[in-house]
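Read off the chains here:
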Amino acid sequence: MDPEFADMLKAQCPQTKPFDFMAYYLDLLTNKGLLESDVALLSDPLGIEYAIKVVQDVPLPNQSTDHEEPTN
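Now for a quick tour of the structure. (Residues numbered from 1 in each chain as written. Predicted model: local features only at pLDDT ≥ 70, side-chain atom pairs only at ≥ 80, totals over all residues. Heavy atoms only, no water.)

**Some words on the pattern of salt bridges**
Two side chains with opposite charge may pair up if their charged atoms get near one another. In this structure the tally under the stated criterion is 1 salt bridge. Linking Lys53 and Asp57 is a salt bridge whose minimum nitrogen-to-oxygen distance equals 2.7 Å. Placement of both Lys53 and Asp57 in helix α4 (residues 45-57) is noted, with a separation of 4 residues, approximately one turn of the helix. According to the relative accessible area criterion, Lys53 is partly exposed, its value standing at 49%. (Salt bridge = Lys/Arg side-chain N within 4 Å of Asp/Glu carboxyl O. Helix = DSSP H or I, 4+ residues; strand = E, 2+ residues; numbered from the N terminus. Buried < 20%, exposed > 50% of the residue type's maximum accessible area, 1.4 Å probe, protein only.)

The following block contains the structure:
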């Protein structure tokens, strides 16, 4: 990408928080992609598989990630 064009876009859309990949892929899986590349990603079975994996692999808040069985 042209560095000057990239700088102009960054100035117009400053990023105030980290990119939320789970939300991005969830949007794609619910037909809310904005770009042709979004549609292209989901036109390939591997792209769909990857998007589903990203959404499933992100732990929910207060969800344990160590998968230990509770002890009584």
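Now that the structure has been shown, we can carry on.
**Side note on the packing of aromatic side chains**
Overall, the coordinates contain 2 aromatic pairs when judged by the stated rule. For the ring pair Tyr25 and Tyr50, a centre distance of 5.6 Å and an interplane angle of 75° mean the geometry is edge-to-face. Placement of the pair is Tyr25 in helix α2 (residues 21-29) and Tyr50 in helix α4, with a sequence separation of 25 residues. On the basis of relative accessibility, which here comes to 11%, the residue Tyr25 falls in the buried class. On the basis of relative accessible area, Tyr50 is assigned to the partly exposed category, the value being 47%. Here a set of aromatic residues connected by ring pairs shows up, and it is made of Tyr24, Tyr25 and Tyr50. (Phe/Tyr/Trp six-rings, centres within 6.5 Å; stacked < 30°, edge-to-face > 60°.)

**Description of α4**
Taking 1.5 Å of rise per residue, the 13 residues of α4 would be expected to cover 18 Å, and the 18 Å separating its terminal C-alpha atoms lies within 8% of that figure. Every buried residue of α4 is accounted for by Gly47, Ala51 and Val54. Here the buried residues of α4 occupy an arc of 60° about the axis, which is enough to place them on one side. What points out from α4, more than 90 degrees from its buried face, is the exposed set Pro45, Leu46, Glu49, Gln56 and Asp57. Next to the buried residues of α4 lie α2 and α3 (36-41). N-capping of α4 is provided by Asp44, with a side-chain oxygen placed 2.7 Å from the backbone N of Leu46. (Expected span 1.5 Å × (residues − 1). Arc of directions from axis to C-beta. Contact = heavy atoms within 4.5 Å. Polar contact = N/O pair within 3.5 Å; in protein donor to acceptor, adjacent residues only side chain to side chain.)

Everything listed here is a matter of geometry and, on its own, says nothing about what the molecule does.
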